[in-house]
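# Observations on the model geometry
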Amino acid sequence: MRSISGLNHYYYTAGKAIPDAVMPKLNERHLSGTLMENIVNPLGTLGIGGMMAVFLGAGIKKLIDRRQDVSNKEGSHEQH
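Residues numbered from 1 in each chain as written. Predicted model: local features only at pLDDT ≥ 70, side-chain atom pairs only at ≥ 80, totals over all residues. Heavy atoms only, no water.

## So, the overall build of the protein
Summing up its helical and strand segments, the protein has 1 helix and 2 strands in all. Listing each helix as α and each strand as β along the protein from the N terminus yields β-β-α. For the protein, with 80 residues in total, the buried portion stands at 4%. A total of about 7,500 Å² of accessible surface is found on the protein, and carbon and sulfur atoms cover 63% of it. (Helix = DSSP H or I, 4+ residues; strand = E, 2+ residues; numbered from the N terminus. Buried < 20%, exposed > 50% of the residue type's maximum accessible area, 1.4 Å probe, protein only. Areas by Shrake-Rupley, 256 points an atom, 1.4 Å probe, with all protein chains shown as cover.)

## Comments concerning the pattern of salt bridges
Close approach of charged atoms allows side chains with opposite charge to pair. In the structure shown here, the tally under the stated rule is 3 salt bridges. Put simply, Arg66 and Asp69 hold a salt bridge, and the shortest N to O gap is 3.8 Å. With Arg66 and Asp69 both in helix α1 (residues 31–79) and 3 residues apart, the pair spans about one turn of that helix. Residues Asp69 and Lys73 are paired through a salt bridge, measuring 3.8 Å at the closest nitrogen-oxygen approach. Taken together, the residues span about one helical turn, with Asp69 and Lys73 both in helix α1 at a distance of 4 residues. Since its relative accessible area comes to 33%, Asp69 is described here as partly exposed. A relative accessible area of 47% means that Lys73 is categorised as partly exposed. (Salt bridge = Lys/Arg side-chain N within 4 Å of Asp/Glu carboxyl O.)

## Focus: the confidence of the model for the protein
Across the protein, the average pLDDT comes to 81, with 82% of residues at 70 or higher. When pLDDT is averaged over each element of the protein, α1 comes out on top at 88 and strand β1 (residues 2–3) at the bottom at 47. (pLDDT = per-residue confidence, 0-100.)

Right under this line is the structure:
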């Protein structure tokens, strides 16, 4: 028996070697792997980074607006 590295498939060959021509090559890449590595992963990284930047900006804006609101209310209480 000979195992293909990384997979759980075993082939019984009655003691004969499996020809190398039918064995997967280490450098073979499927289209889906290439797409994931070169397109999807960078876009996902950019998307998550952009989303984090938007949330950070919204949080900072909320903090600034809240401080202005509190200072305006304190100013109006001091005048009365």
